Amino acid sequence: MERKLAYLHTLRRTAITVVLLVLCLPLFAQYNIKKLMDEGRSSLDNGYYVVAMQIFQRVVGLRPDKNEAWYLSGVSKYHLDDYKGAESDCTRAIDLNPFFVDYFELRAMSRLREEKYDSAVADFTRAIEMNPDNKDYWYNRAYCYAQVNAYDIAKQQLEYILKRWPNFTSAINLRQTILSTERLYKRKKDDKISSKSR
């Protein structure tokens, strides 16, 4: 009988220990995630992009619902010129939380670098909806329109930009480039027409 009671007492102690471990493990895991995120941010801030990317990939391996880790992994990849990877990571971050303008901006910039201008326009448009006072979003969207030869839309965008920010040099230069390109195209077209009529 005593043996049976000792066995039950040991069994109860073991069960309580298991329950306490199960309850405490998430706290340790949460601490480890926070520590990893801090290490990753520090690596990113110091320009150790490969290390930062590896840390953030480890975090999303442990916690795939951690949108900030996906975004910061994308930032690391962007700095490593892995624009496709950055776009993919930002897409995951946006899927998890579509309310951070930085996620759209980074995905748009990645798409711009990949020459996916139509997709970049959509992301810059979303970023503008979230932060209409950021002139860089406006400029980059106009730039994307110009890259797909949608010069009329680009010029309209640039007119608006220059009304709000009259000394925005990049916008002034892009408008001049578009106007020069249009004049060149018109001249070439006129030359073709005049050579055909001869």
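Before any of the text, the structure's been laid out above.
Structure report, in brief.

Quick notes on the rules
- Residues numbered from 1 in each chain as written.
- Predicted model: local features only at pLDDT ≥ 70, side-chain atom pairs only at ≥ 80, totals over all residues.
- Heavy atoms only, no water.
- Axes fitted to C-alpha atoms, helices over the stretch in contact; angles between N-to-C directions.
- Helix = DSSP H or I, 4+ residues; strand = E, 2+ residues; numbered from the N terminus.
- Parallel < 35°, antiparallel > 145°, perpendicular 65-115°, else oblique.
- Left-handed = near helix turned anticlockwise from the far one by under 90°.
- Contact = heavy atoms within 4.5 Å.
- Nonpolar A, V, L, I, M, F, W, Y, C, P; charged D, E, K, R; others polar.
- Phe/Tyr/Trp six-rings, centres within 6.5 Å; stacked < 30°, edge-to-face > 60°.
- Buried < 20%, exposed > 50% of the residue type's maximum accessible area, 1.4 Å probe, protein only.
- Lys NZ or Arg CZ within 6 Å of the ring centre and 35° of its normal.

### Quick look at the packing of helix 2 (residues 49–62) against helix 3 (residues 67–79)
And then number 1: Interhelical geometry of helix 2 versus helix 3 gives an angle of 155° and a closest axis separation of 8 Å. Comparing the axis directions of helix 2 and helix 3 gives the class roughly antiparallel. Seen from above, helix 2 lies across helix 3 with left-handed handedness. Across the interface between the two elements, Tyr49, Ala52, Met53, Phe56, Gln57, Val59 and Val60 from helix 2 touch Ala69, Trp70, Leu72, Ser73, Ser76, Lys77 and His79 from helix 3.
And then number 2: In terms of residue class, the contact of helix 2 with helix 3 is made up of 9 nonpolar, 4 polar and 1 charged.

### Quick notes on the packing of aromatic side chains
For any pair of aromatic rings, geometry is given as the distance between the ring centres together with the angle between the planes.
And then number 1: Under the counting rule described, the total for this entry stands at 7 aromatic pairs.
And then number 2: Judged by centre distance (5.2 Å) and plane angle (65°), the ring pair of tyrosine 78 and tyrosine 83 falls under edge-to-face.
And then number 3: Taking the relative accessible area as the measure of exposure, tyrosine 78 reaches 15% and is therefore buried.
And then number 4: Chaining the aromatic ring pairs together yields one cluster made of Tyr71, Phe100 and Tyr103.
And then number 5: Of note, lysine 135 hangs over the ring of phenylalanine 168, and the distance from its end group to the ring centre comes to 4.7 Å.

### Brief notes about the environment of tryptophan 70
And then number 1: Within the secondary structure, tryptophan 70 is located in helix 3.
And then number 2: Overall, tryptophan 70 belongs to the buried group, its relative accessible area being 9%.
And then number 3: Spatially, the C-alpha atom of tryptophan 70 lies 9.1 Å from that of isoleucine 94, the residues being 24 residues apart in sequence.
And then number 4: Excluding anything up to four places from it in sequence, tryptophan 70 contacts Gln57, Val60, Pro64, Asp89, Arg92, Ala93 and Leu96.

### Let's talk about the side chain of arginine 111
And then number 1: One can find arginine 111 in helix 5 (residues 101–113).
And then number 2: With residues up to four places along the chain from it excluded, the contact list for arginine 111 reads Glu87, Thr91, Lys116, Ser119, Ala120 and Asp123.

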